[in-house]
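# Coordinate inspection notes
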Amino acid sequence: MPFFSYKARNTNGELIEGVLESPDADGVARQLVAMGVMPTLIEAAKGPTADNGLSLWQRIREGSVKSLDVQLFSRQLYTLIRAGVPIMRGLSGLQESAVNRAFRRVIQDLRESLDSGRELSAAMRRHPGAFNMFYVSMVKVGEMTGRLDTILLRLSEHLEFEREMRNRIKTALRYPMIVMLVMTAAMVVVNVMVIPQFAKVFASFNAPLPVVTRFLLGMSEFFVNYWYLLLAGISGGLFLFRGFIATKEGRYWWDRQILYFPLFGRIVLKATLARFARSFALSSKSGVPIVQALTVVASTVDNSYIASHVENMREGVERGDSILRTATNAGVFTPVVLQMIAVGEETGALDELMDEIASMYEGEVEYELKTLSSNIEPILIVALGVMVLILALGIFVPIWDLGKVALKK
């Protein structure tokens, strides 16, 4: 996405400058308003100001900032602030102990920004690759309420949950991916080495062949003689697909379609809603107004289709509708969740019940991930069986028939 430089005024009238990543200038304005600052100038920029002056080779050598780096940073900074260590001295120690070069430079820029009079949230806003909108907004709330240490602890727990969720998904998909790679390699070997040898045998008999055999021979011939066209077609298709989903409309379409994928769709939906509920609960507990919380949380769900529903909820709340009514109109929550939201609004314990909703969805996601491999195994076995059946019908049956004809002669 493109970058935009901006100038804005905070609640004290102080000038704030920085760079944000967004599809358009309107998106930047919404992010700034959600952070509690009023934009005065937004224009296109090449990238974050803190990255200027670095060559491409330097950025490659440094690598990128990982989620684990930010999580550990949040926990360590919380501990230092809780112990009464001045923030500048704490950042200095964290910079020296940082293993990741890129994050070490980020901490250095945070120190320099604080030294020049910027707030910590404004300094973090200069690094959208390390601190997303939700993180910066929460730090801003911590600065305004004087509870920065508590906010950092909650952010650390939130990032830990996000990382564990990603690791569980990777673990669940590891076995199916290995099986699919092995099957793909087997198909390549069969088409390149096995079928061409049988083609010579069939040609020597000079007899009519079954449809399945002719299909396999034709596919093998195309694979051997025109592999570069196949490779170019796959690469071109992937390039066009990546370009399409990089657009706002393409991303919205893809994020909506992925929710309907067999097996995976419901996992993505429940994980996204768990992330939404946990983020909303964290914002609410930290004292963020509901309208602003919904705006900020929409950027954390990592699904533009769900994010659009959250934005619709925010607009409904702004019009005076209840959260229950807007959540019902969103059409993505289960009846049990809607009932818990209704109770939360009545009792004023919406943040606690949002935590319950997040825990419920997380439990369901964990169960889905545990059973994912067992659900995929029958599909893989059927696919492998179909492949073997086609090879048997196309290769071995003709050889058997030709052998019987030769014996009769």
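Everything in this summary refers to the structure shown in the same document. These numbers come from a predicted model, not from an experiment. Residue numbering note: each chain is counted from 1, following its sequence as written. Thresholds applied to this predicted model are a pLDDT of at least 70 for local features of residues and 80 or more for the giving and counting of side-chain atom pairs; totals over whole chains, interfaces and linings are not thresholded and use all residues. Computation of side-chain values: all heavy atoms of the structure, hydrogens and water removed.

A word on the side chain of Asn191. The secondary structure listing takes helices from DSSP runs of H or I that are at least 4 residues long and strands from runs of E that are at least 2 residues long, numbered from the N terminus. Locating Asn191 in the fold gives a position in helix α8 (residues 148–205). Under the relative-accessibility criterion, Asn191 is labelled buried at 5%. Here, residues are in contact when the closest pair of their heavy atoms is within 4.5 Å. Asn191 has contacts with Pro196, Met219, Ser220, Phe223 and Val224, leaving out every residue within four places of it along the chain. Only protein chains enter the accessibility calculation, which uses a 1.4 Å probe; a residue whose area is less than 20% of its type maximum is buried, one above 50% is exposed, and one in between is partly exposed.

Note on ring pairs: Phe, Tyr and Trp rings are taken, using the six-membered ring of Trp, and paired if centres are within 6.5 Å. Classes follow the plane angle, with under 30 degrees stacked, over 60 edge-to-face and the rest tilted. Taken as a whole and judged by the stated rule, the model has 13 aromatic pairs. Residues Phe73 and Phe103 carry aromatic rings whose centres are separated by 5.4 Å and whose planes lie at 85 degrees to one another, so their mutual orientation is edge-to-face. A residue pair is termed long-range when its members are at least 10 positions apart, and Phe73 in helix α3 (residues 67–82) and Phe103 in helix α5 (residues 101–115) qualify at 30 residues. Under the relative-accessibility criterion, Phe103 is labelled buried at 4%. Taken together, Phe241, Phe244, Trp253, Trp254 and Phe261 form an aromatic cluster joined through their ring pairs.

Let's shift gears to helix α9 (residues 211–225). Residue count minus one, scaled by 1.5 Å, sets the expected span of a helix. Taking 1.5 Å of rise per residue, 15 residues should cover 21 Å, and α9 covers 21 Å from first to last C-alpha, within 8% of that figure. Within α9, burial applies to Thr213, Leu216, Leu217 and Ser220. Projection of α9 onto a plane perpendicular to its axis shows the buried side chains occupying an angular sector of 95 degrees, all on one side. α9 presents Val211 and Phe215 as exposed residues on the side facing more than 90 degrees away from its buried surface. The arc in question is formed by the directions pointing from the helix axis toward the C-beta atoms.

Attention shifts here to the packing of α3 against α5. Angles run from 0 to 180 degrees between N-to-C directions of axes, and those axes are lines fitted to C-alpha atoms, restricted for helices to the stretch in contact. α5 packs onto α3 with a crossing angle of 45 degrees between their chain directions and a minimal axis gap of 11 Å. By the angle between their axes, α3 is oblique relative to α5. Read as a crossing pair, α3 and α5 show a hand that is right-handed. Where α3 approaches α5, its residues Asp69, Val70 and Phe73 are matched on the opposing element by Phe103, Ile107 and Leu110. Gly counts as polar in this scheme, as do all residues outside two lists: the nonpolar Ala, Val, Leu, Ile, Met, Phe, Trp, Tyr, Cys and Pro, and the charged Asp, Glu, Lys and Arg. Here the contact of α3 with α5 is composed, by residue class, of five nonpolar, no polar and one charged. Under this scheme an angle from 65 to 115 degrees is roughly perpendicular, one under 35 degrees roughly parallel, and one over 145 degrees roughly antiparallel; angles in between are oblique. Crossings are classed by handedness, with left-handed meaning an anticlockwise turn of the near helix from the far one by less than a right angle and right-handed meaning a clockwise turn.

The complete set of buried residues in helix α15 (residues 323–330) reads Ile323, Thr326, Ala327 and Ala330. Buried positions in α15, seen along its axis, are confined to an arc of 100 degrees and lie on one side of it. With respect to the buried face of α15, the exposed residues turned more than 90 degrees away are Arg325 and Asn329. Gly331 lies just past α15 and shows a positive phi near 75 degrees.

What follows deals with the packing of helix α12 (residues 264–285) against helix α13 (residues 290–297). Relative to each other, α12 and α13 sit at 140 degrees, their axes nearing to 9 Å. Taken together, the axis directions place α12 and α13 in an arrangement best described as oblique. As α12 packs across α13, the resulting crossing turns out to be right-handed. The segment α12 lies against α13, with Phe276, Ser279, Phe280 and Ser283 engaging Ile290, Ala293, Leu294 and Val297.

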